[in-house]
Amino acid sequence: MSHKDGLIRATPESHKTDPAIILTVLDEIERAGTEMHSLLVWHDGALITEAYWAPYGPERVHMMHSVTKSFTSMAVGLAIEDGKLSLTDRVIDFFPEFENSAANGIEAMQIRHLLTMTSGHACGISGGSWRKLKTSWVEDFLKQPIVYAPGEIFVYDSACSYMLSAIVQRVLGRTVHDYLTDRVFTPLQMSPDIRWDKSPEGINSGGNGLTCRTSDLLKLGILHLQHGNWNGDQVLPENWAKAATGTQLRDVSLGVLTGEHYLGPDESVGDAAPERREGYGYQWWRGPHDSYAATGLFGQACIVLPNERAVIAFTAGMDDNDRRFHGLIHDVLRPALGTWDKPDLPGRINMLELSPPPRESWSHAPQNWSGTYTAEPNDQGITALRLEQSGRDIVFVLEDHRGVHRIQAGLGHRVESITTMTGARLHHAYEPDTGFAVAAWAAWSGNDDEGWNTLTFDWAFIETAFRDTVRCKLRNGKLRMFRQVNVNSSILSLPEIKGHLTQNARQKETAS
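Cut-off values and rules
- The residue numbering used here restarts from 1 in each chain and proceeds along that chain's sequence as written.
- Per-residue local features of the predicted model are confined to residues with pLDDT of at least 70, and side-chain atom pairs are confined, for both listing and counting, to 80 or more; whole-chain, interface and lining totals are unaffected and use all residues.
- For side-chain calculations, the full set of non-hydrogen atoms in the structure is used, while hydrogens and water are omitted.
- For every element, the axis is a line fit to its C-alpha atoms; helices are fit only across the contacting stretch, and the angle between N-to-C directions ranges from 0 to 180 degrees.
- Working definition: helices are DSSP H or I runs of at least four residues, strands are E runs of at least two. Numbering for both runs from the N terminus.
- Each angle receives one of four descriptions, namely roughly parallel if under 35 degrees, roughly antiparallel if over 145, roughly perpendicular if within 65 to 115, and oblique otherwise.
- Helix crossings get a hand from a simple test, with the near helix turned counterclockwise from the far one by less than a right angle marking a left-handed crossing and a clockwise turn marking a right-handed one.
- Any two residues whose heavy atoms approach within 4.5 Å at even a single point are treated as in contact.
- Each residue receives one of three labels: charged for Asp, Glu, Lys and Arg, nonpolar for Ala, Val, Leu, Ile, Met, Phe, Trp, Tyr, Cys and Pro, and polar for the others, Gly being one of them.
- Grid spacing is 1 Å over the protein atoms alone, the probe is 1.4 Å, and a cavity is where that probe fits but cannot get out, while a pocket is an open set with protein on both sides within 12 Å along at least five of seven lines and lining residues have an atom within 4 Å of a point.
- Grid points are joined across faces, edges and corners, and a volume is the space filled by probe spheres set on the points.
- DSSP-based pairing: two strands are paired if at least 2 bridges between them are found.
- Each residue is assigned to one of three classes by its accessible area relative to the maximum for its type, calculated with a 1.4 Å probe on protein chains only: buried under 20%, partly exposed between the two thresholds, exposed over 50%.
- It is the directions from the helix axis to the C-beta atoms whose arc is reported.
- Stacked, tilted and edge-to-face pairs are distinguished by plane angle, under 30 degrees for stacked and over 60 for edge-to-face with tilted covering the rest, among Phe, Tyr and Trp rings (Trp via its six-membered ring) whose centres lie within 6.5 Å.
- A side-chain nitrogen of Lys or Arg and a carboxyl oxygen of Asp or Glu constitute a salt bridge if their distance falls within 4 Å.

Asker: How do you make sense of the packing of helix α2 (residues 68-81) against helix α8 (residues 214-225) when you look at a structure like this?
Answerer: The interhelical angle for the contact between α2 and α8, taken along N-to-C directions, is 50°, at an axis separation of 11 Å. Considered as vectors, α2 and α8 are oriented oblique to each other. Where α2 crosses over α8, the handedness of that crossing is left-handed. Contacts from Ser70, Phe71 and Met74 in α2 reach Asp216, Leu217, Leu220, Leu223 and His224 in α8. Of the residues belonging to the contact of α2 with α8, the class tally is five nonpolar, two polar and one charged.

Written out as structure tokens, the structure is:
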């Protein structure tokens, strides 16, 4: 059965896939405490498993990190097919305005070096670092010292992917997003809600910053599994689909390139979340069992299993050092494609939910808790916090140097809204002024040993990998706030914020 996204749905049983194994995977996800957001399994022409952990869902877009690189690779392949580029074109020739300020040796760097992360630089630049840069990202890249001969050393670098985006835009006069919308997104019936961040120069970020649905990510893998063919149309050149996902560099994790040492991604600052690395293509990782994958920081991936004619796509809020789920895919799910049994898989999928909210707990709320709390001086620029009741919900308001930010949270249920809540330090430098979608719940707990009542908030930023836990301890007009995040490329928590209920608010509460 085909849906409006053009994907055919079928049962695991009809594709000789044992649903008991899929249930085992779901059980292991729960047992390990892995924060999954979505999991799609496509096998031999049909989507046989479609699981979302509420409040995530099939229509929800999700922020992609280095998964984005594999989308950018398609744009390069199409531009080469259109006669606008070649693999051996010199990078500096596209930006003559920066030739005088570029690093020595830049003339040897070619497009193929950007595609294979062998630019000659000694260290990579992460998306999180460049998002803070307000000047030209192209100029900054071209100024980086060329330490090795291009092609000699593999150094994972999101800036290489940005330069590919910049080159495609320079020769076409349009962004990679617009180009792929016409050539790939529309023919594949991808989501019309796909977004792609831009640099201060108006260029799509290339190596990260794409926001799309999990089904869009799945289609990326299906298109390459089918060597660029979609419903009989050759959307992507066959030779490019094979080359991009083939092994251009072997055993990069072991340092086998040209006999020199390997310089891999610094996971503390990088955007990659590669699984078992067995080589690299053109912005695609090679994996075990002849697989290849597009992967992203904090747990997004599209894993293609050519031998099994299968594609697995998922999103999550996952620590990049936690490789257990990748092991489940390769060691448990992959071998099961082709057997079947009769457990109740649909029933289990319908029960999936991310961090269910506790039951309503108004009885634990202290007296005189609502109102505005003036913040003591702090390094986060916060001036005031406000807590207020709105029916069955609690509204959390924060005032800081950026303005006023609001999140509504339900007691015993999640409430979805759009918020501009400050969070760059915990969210890999992301902080759009237009706001993020957030699904939030709140819960009261009783007095601790020191007489503090605790109001806990769970904020799931449901277009990203990030989920914040905020705890407000309240006692006699005083507030202490603690905030932490599930995953990040740097710190996972912010310093405590202290506040005092304003005198007017306390008088109002007392009068009421």
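On we go.
Asker: Can you walk me through the layout of surface pockets in this structure?
Answerer: With a probe scaled to a water molecule rolled over the atoms, the places where space remains empty come into view. Each pocket or cavity is described by its volume, and for the largest pocket that value is around 690 Å³. Lining the largest pocket are 25 residues, and of these Arg131, Asp197, Ala429, Glu431 and Pro432 lie nearest its centre. A per-class count over the lining of the largest pocket returns nine nonpolar, eight polar and eight charged.

Asker: Please explain the sheet that holds strand β11 (residues 292-296) as it appears in this structure.
Answerer: Two modes of strand pairing occur in sheets, parallel and antiparallel, and in both the strands are linked by backbone hydrogen bonds. Taken together, the eight strands give an open sheet; going across it, the order is β2-β1-β13-β12-β11-β10-β9-β8, and neighbouring strands pair in antiparallel fashion. Where the open sheet ends on each side, the last strands, each with one partner, are β2 (46-52) and β8 (249-250). The pairing of strand β1 (residues 36-43) with β2 spans six bridges and is antiparallel. Residue Ser38 lies in a different strand from β2, and its bridge partner there is Tyr52.

Asker: Teacher, can you tell me more about the pairing of strand β21 (residues 467-475) here?
Answerer: Look at any regular strand and the pattern is simple: side chains alternate between the two faces of the sheet. By the bridge criterion, eight bridges tie strand β20 (residues 453-460) to β21 in an arrangement that is antiparallel. Note on β21: the bridge partner recorded for Ala460 is Arg467. Joining the antiparallel neighbours β20 and β21 is a turn of six residues. Where β21 lies against strand β22 (residues 478-485), eight bridges are found, and the strand directions are antiparallel. Note on β22: the bridge partner recorded for Arg471 is Phe482. The turn joining β21 and β22, which pair antiparallel and follow one another in sequence, is formed by two residues; a positive phi near 50° is taken by Asn476.

Asker: Looking at this structure, I do not really get the pairing of strand β17 (residues 403-411). What am I missing?
Answerer: Relative to β17, strand β16 (residues 393-400) runs antiparallel, the two being bridged by eight bridges. Counterpart to Val395 in the pairing with β17 is Gln408. Hairpin connection from β16 to β17: two residues lie between these consecutive antiparallel strands. Pairing between β17 and strand β19 (residues 436-445): two bridges, direction parallel. When the bridges of β19 are listed, Leu411 appears paired with Ala442.

Asker: What's the story with helix α9 (residues 238-245) in this structure? I'm lost.
Answerer: Since one α-helical turn is 3.6 residues long, residues separated by three or four positions face the same way. All buried positions along α9 are accounted for by Trp240, Ala241, Ala244 and Thr245. The buried residues of α9 occupy an angular sector of 115° when the element is viewed end-on, so they sit on one face. Looking at the buried residues of α9, the elements they touch are α2, α3 (111-115), α8, β10 (285-286) and β11.

Asker: Help me out: how do you make sense of the packing of aromatic side chains in this one?
Answerer: Tallied over the full model, the rule gives 18 aromatic pairs. Ring geometry for Tyr280 versus Trp285: centroids 4.9 Å apart, planes at 70°, classification edge-to-face. The class of Tyr280 is buried, set by a relative accessible area of 1%. Seen in terms of ring centroids, Phe298 and Phe466 are 5.2 Å apart; in terms of plane orientation they differ by 65°. Their pairing is edge-to-face.

Asker: Where do I start with the sheet that holds strand β3 (residues 61-63) in this structure?
Answerer: Spatially, three strands are ordered β3-β5-β4 in an open sheet, and the strand pairing comes out antiparallel. Edge positions in the open sheet fall to β3 and β4 (195-196), since each of these has one partner strand only.

Asker: Is there a simple way to think about the pattern of salt bridges in this case?
Answerer: Pairing is possible between side chains that carry opposite charge, provided their charged atoms lie close to one another. Applying the stated criterion across every chain yields a total of 25 salt bridges. For Arg60, the salt bridge goes to Glu416, with nearest N and O atoms at 2.7 Å. Taken together, the residues span a long stretch of sequence, with Arg60 in the loop between β2 and β3 and Glu416 in strand β18 (residues 415-419) at a distance of 356 residues. Judged by its relative accessible area of 17%, Arg60 falls in the buried class. The salt bridge involving Arg480 is made with Glu496; its shortest N-O contact spans 2.6 Å.

Asker: Got a minute to help me understand the packing of α2 against helix α6 (residues 158-172) in this structure?
Answerer: Each pair of packed helices can be described by the angle between their axes along with the distance between the axes. Running from N to C, α2 and α6 cross one another at 35°; their axes reach a closest spacing of 10 Å. In terms of crossing hand, the pair formed by α2 and α6 is left-handed. Within the contact between the two elements, α2 uses Lys69, Thr72, Ala75 and Val76 and α6 uses Ser158, Ser161, Leu164, Ser165 and Val168. Here the contact of α2 with α6 is built from residues that sort into four nonpolar, four polar and one charged.

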